[in-house]
Amino acid sequence: MIMLGDFDFGVIVTALPYLWDGMQLSLLLTGLAAVGSIFLGTLLALMRLSSIRLFQWIGAIWVNFFRSLPLLLVIFWFYFLVPLIVQGQVDAFESALIGFVLFEAAYFCEIMRSGIQSISRGQAWSGYALGLKYSQTMRYVVLPQAFRNMLPILLTQTIILFQDTSLVFVVGLADFMTSAVTVAQRDSRLVELYVFAALVYFVMCYFASLSVKILQKKMHK
Amino acid sequence: MIEFKNVNKWYGTFQVLKECTSSVKKGEVVVICGPSGSGKSTLIKCVNGLEPFQEGEISVDGVSVGAKETNLPKLRSQIGMVFQNFELFPHKTAMQNICLAQIKVLGRSEDEANTRGQELLDRVGLGDLGYKYPSQLSGGQQQRVAIARGLAMDPIAMLFDEPTSALDPEMINEVLDVMQQLAKSGMTMMVVTHEMGFARRVADRVIFMDEGEIVEDATTDDFFGKPHSDRAQLFLSKILEH
C-alpha cells in the first residue's frame, strides 16, 4: 500500500473496478442523452424555423420552458412525479435519460438553429430546384452542412452534458460521481475520493475541450 | 411552354413584379435583361415556384405553378435551374452533386446516375473532375458542374439566373460556350444575364425589364436593331458602350 502522508492511494486502487462501472454508466448516459437531444434539438430547430406558426410556437415554448428550469428539478420531476402520473415504477436510468434529452434538446435546438441559419438560402433553393422535397433538402443538403459548421459547439455542449450527468446522484443512479461518493462514505476517505473524482473529471473534460479546439483549427484551415 | 399572365408580386408593400405577361415556346431561348433591381431574377424564380407570387398565373407545360394542388417538387424536377453563386453542395463531390437528385427524386440506381453524370461531365468538358469537391474547382468549372447537375434531371426547360455574374472575366466564356451548345441542341431556355454578346448570338427573343415591368419583349434582331422604349435604348446605350 502506497502512503503519502495521510493520503491513501490504496483506497482508490481498490475501488477502481467499482468506479469504472460508474464511469461506464456516466459515459453511456452522456452518449445516449447526446444522441437523443441532438436529434430532438434538430427537430425543434426545424420547427422554430418553420413557416408554420404552430410549429414556431411549440419550438419557442419548449426552449424557453426548459431553459428556465434547473436541470436538477427536471431530473427530480421525471423520477418522482412521472411514476405518480403513470401509476407505476420508472427505472432511474430511463427517467434520468428522458429528463436529460428533453432538457438538453432546448440547448441543442438553439445551436442547430444558428447552424441551419448559417447555411445560405441559395443552398436550400438549389435543393428545391432539383425537385428535392423539404425533408430531403434538409436531410441531404442543409443539415449535413449545419452539423459540420456546428460540430465544435455541439461537442462542447456534450462535454457540459457529461459534467451534468453527475446530477443523477440525486436519484441514486450509480454513475461515476455517485460511485465515488459511495466509496468515500463507506471507507471514510472523503479527501482521496473527491480529489480523485475532480481529477478524473478535469482530465477528461480538459482533453476533450482541447481536442475540440484542435478540430476547430483544422476546420478553419 | 412557359406562360406568364399578369403576374404581380409584392414584398410587403413594395411591388417587385407588375403585370408581367409573356411566354416562351418550346425550344426557344429567351434572354431577360434590365438594370439591377428590375425584378428579372425574381421573375425567373417564380417560374419554378422558388418565389411565390400573389396575383396572376404562370404555367409550365400546362401545369400551373401557383395552384395549390400542383406537385411543386415534381414540377421543379423537370425544370433545371442554374444560380448566380453556383450553389453546388460543398459537402459533396461534383459527381455526387450531379447524382443526388437523380437518385432521390428520379429513383435512378447509383450506376445509372453515375453513367448519366459522366456523360454530362464529359459534355461540359469536365470528364475527369467528377471526384473533386466544389472548393477544389474554379468558378467556371463549378458553374459547368451546376449546369450538368441541372441537365442530369433531363429537364424540359432550363432557367439561368445571372450564371456568369459571379465569375472572373476569363471564365465567363467557358460557361457561355456550354450554354450556347445547349441552346443549339434545342433546349428551351430562359436566361437572366447582362452578357449582351451572348444574347445577340444565342437568344431568339429578348425581354427587357425595368422597375418590375416588362418594358420590351422583342425578337433579338428587333431589340438590338430598334428598341421601342426609351428605357431600353438608354439601357443598351449604357451597356454596349464598352
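Calculation notes
- Residues numbered from 1 in each chain as written.
- Chains lettered and ligands numbered in written order.
- Predicted model: local features only at pLDDT ≥ 70, side-chain atom pairs only at ≥ 80, totals over all residues.
- Heavy atoms only, no water.
- Contact = heavy atoms within 4.5 Å.
- Buried area = accessible area lost by both parts, 1.4 Å probe.
- Polar contact = N/O pair within 3.5 Å; in protein donor to acceptor, adjacent residues only side chain to side chain.
- Helix = DSSP H or I, 4+ residues; strand = E, 2+ residues; numbered from the N terminus.
- Nonpolar A, V, L, I, M, F, W, Y, C, P; charged D, E, K, R; others polar.
- Buried < 20%, exposed > 50% of the residue type's maximum accessible area, 1.4 Å probe, protein only.
- Pairing = 2+ DSSP bridges.
- Phe/Tyr/Trp six-rings, centres within 6.5 Å; stacked < 30°, edge-to-face > 60°.
- Lys NZ or Arg CZ within 6 Å of the ring centre and 35° of its normal.

Comments concerning the interface of chain A and chain B
Counting residues at the interface gives 17 residues for chain A, matched by 22 residues for chain B. Interface area, chain A with chain B, both sides summed: about 1700 Å², of which 66% is carbon and sulfur. The interface formed by chain A and chain B includes six residue pairs in polar contact (both at pLDDT 80 or more). When contributions to the side of chain A that touches chain B are tallied by element, the ones reaching two or more residues are helix H5 (121-129) and helix H6 (134-164) of chain A. Ranked by the residues each element gives to the side of chain A that touches chain B, the list is headed by H5 of chain A, at seven residues. Here the residues of the side of chain A that touches chain B sort into eight nonpolar, eight polar and one charged.

Structural notes on the pairing of strand S3 (residues 29-33) of chain B
Residue and element names in this part refer to chain B. Here S3 lies mainly inside the structure; five of its five residues are buried. By the alternation rule, side chains of S3 split into Val29, Val31 and Cys33 and Val30 and Ile32, which are all buried. Across four bridges, the pairing between S3 and strand S8 (residues 188-192) is parallel. Across the sheet, Ile32 pairs through a bridge with Val192, a residue of S8. As judged from the four bridges shared by S3 and strand S9 (residues 205-210), these two strands associate in the parallel manner. The residue bridging Val31 from the neighbouring strand is Val206, located in S9.

A few points about the packing of aromatic side chains
Summed over the entire model, instances satisfying the criterion amount to 14 aromatic pairs over all chains. Centroid distance Phe76 of chain A to Phe80 of chain A: 5.5 Å. Interplanar angle 35°. Geometry classified as tilted. Here Phe80 of chain A and Phe76 of chain A lie together in helix H3 (residues 71-86), a separation of four residues that amounts to about one turn. Of the residues examined, Phe76 of chain A reaches a relative accessible area of 32% and is grouped as partly exposed. Taken together, a centroid distance of 5.1 Å and an interplanar angle of 45° make the contact between Phe208 of chain B and Phe235 of chain B tilted. Of this pair, Phe208 of chain B sits in strand S9 while Phe235 of chain B sits in helix H9 (residues 230-240); the two residues are 27 residues apart in sequence, bridging distant segments of the chain. A cation over an aromatic ring shows up here: Arg149 of chain B above the ring of Phe89 of chain B, its NZ or CZ 4.5 Å from the ring centre.

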